[in-house]
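Reading the structure
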Amino acid sequence: QVQLVESGGGLVQAGGSLRLSCAASARIFSINAMGWYRQAPGKQRVLVASISLGGMTNYADSVKGRFTISRDNAKNTVFLQMNSLKPEDTSVYYCNTVPLYVNSHWGQGTQVTVSS
């Protein structure tokens, strides 16, 4: 069974930092690029950062220069270091493969709230 378990969210003041972690099933982690997605209330879920099997990274313009994605292939874990957080970063954050599959399963996500 595919598992994705996100953690590390919380409440932080603007300008602060958080580090998110996502433990994934080896079954999907070992053969896929991985990414962090976020969904704000009333908005669609969007991809904000991705990392290939070889470690190449891509970022949405909204987070470029502030967020850093990384992966530990030995532990099937992907991370998102978030610095200089802004209130508009407030969302539920999810990890998943990039690209998504038709039958992709989502974890519970982790809430990030940035106060002004």
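The structure contained in this document is the topic of the report that follows. (Residues numbered from 1 in each chain as written. Predicted model: local features only at pLDDT ≥ 70, side-chain atom pairs only at ≥ 80, totals over all residues. Heavy atoms only, no water.)

1. Observations concerning the sheet that holds strand β1 (residues 4-7)
In spatial order, the strands read β1-β3-β8-β7; together these four strands make up an open sheet with antiparallel pairing. Because the sheet does not close on itself, it has two edges, and the strands there are β1 and β7 (67-72). Taking each pair of neighbouring strands and ignoring which way they run, the sheet shows an average axis angle of 15°. (Pairing = 2+ DSSP bridges. Helix = DSSP H or I, 4+ residues; strand = E, 2+ residues; numbered from the N terminus. Axes fitted to C-alpha atoms, helices over the stretch in contact; angles between N-to-C directions.)

2. A short note on the packing of aromatic side chains
Enumeration over the complete set of coordinates arrives at two aromatic pairs. Between Y37 and W106, the aromatic rings sit 5.2 Å apart at their centres with planes inclined by 85°, giving edge-to-face as the arrangement. Placement of Y37 in strand β4 (residues 33-39) and of W106 in the loop between β9 (91-98) and β10 (110-115) is noted, with a sequence separation of 69 residues between them. Residue classification places W106 among the partly exposed residues on the basis of a relative accessible area of 24%. Chaining the aromatic ring pairs together yields one cluster made of Y37, Y94 and W106. The ring of Y94 carries R45 above its face, with NZ or CZ at 4.0 Å from the centroid. Between the NZ or CZ atom of R45 and the centre of the ring of W106, over which it lies, the distance is 4.0 Å. (Phe/Tyr/Trp six-rings, centres within 6.5 Å; stacked < 30°, edge-to-face > 60°. Buried < 20%, exposed > 50% of the residue type's maximum accessible area, 1.4 Å probe, protein only. Lys NZ or Arg CZ within 6 Å of the ring centre and 35° of its normal.)

3. Re the environment of T68
You can see T68 is positioned in strand β7. Residue classification places T68 among the partly exposed residues on the basis of a relative accessible area of 43%. Setting aside residues up to four positions removed in sequence, T68 forms contacts with Y59, F79, L80 and Q81. (Contact = heavy atoms within 4.5 Å.)

4. Looking at the nonpolar core
W36, V78, L80, M82 and Y93 are the most contacted members of the largest nonpolar core, which has 25 residues in total. Listed by contribution, the elements that provide at least two residues to this core are β3 (18-24), α1 (26-29), β4, β5 (46-51), β7, β8 (77-82), β9 and β10. Take this core: its biggest share by element is four residues, from β3. Sequence-distant contacts of L80, that is, excluding residues within four places in its chain, are made with L18, R19, L20, W36, A49, F67, T68, I69 and Y93. (Core = buried A, V, L, I, M, F, W, Y, C linked by side-chain atoms within 4.5 Å.)

5. Quick look at the pairing of β4
Where burial is concerned, most of β4 is hidden: six out of the seven residues are buried. Pairing geometry for β4 and β9, over seven bridges, is antiparallel. Bridging from a neighbouring strand, Q39 pairs with V92 of β9. Here β4 runs beside β5; their pairing, made up of five bridges, is antiparallel. Within β5, the residue paired with G35 across the bridge is S50. Between the antiparallel neighbours β4 and β5 lie six residues, among them G42 with a positive phi of about 75°.

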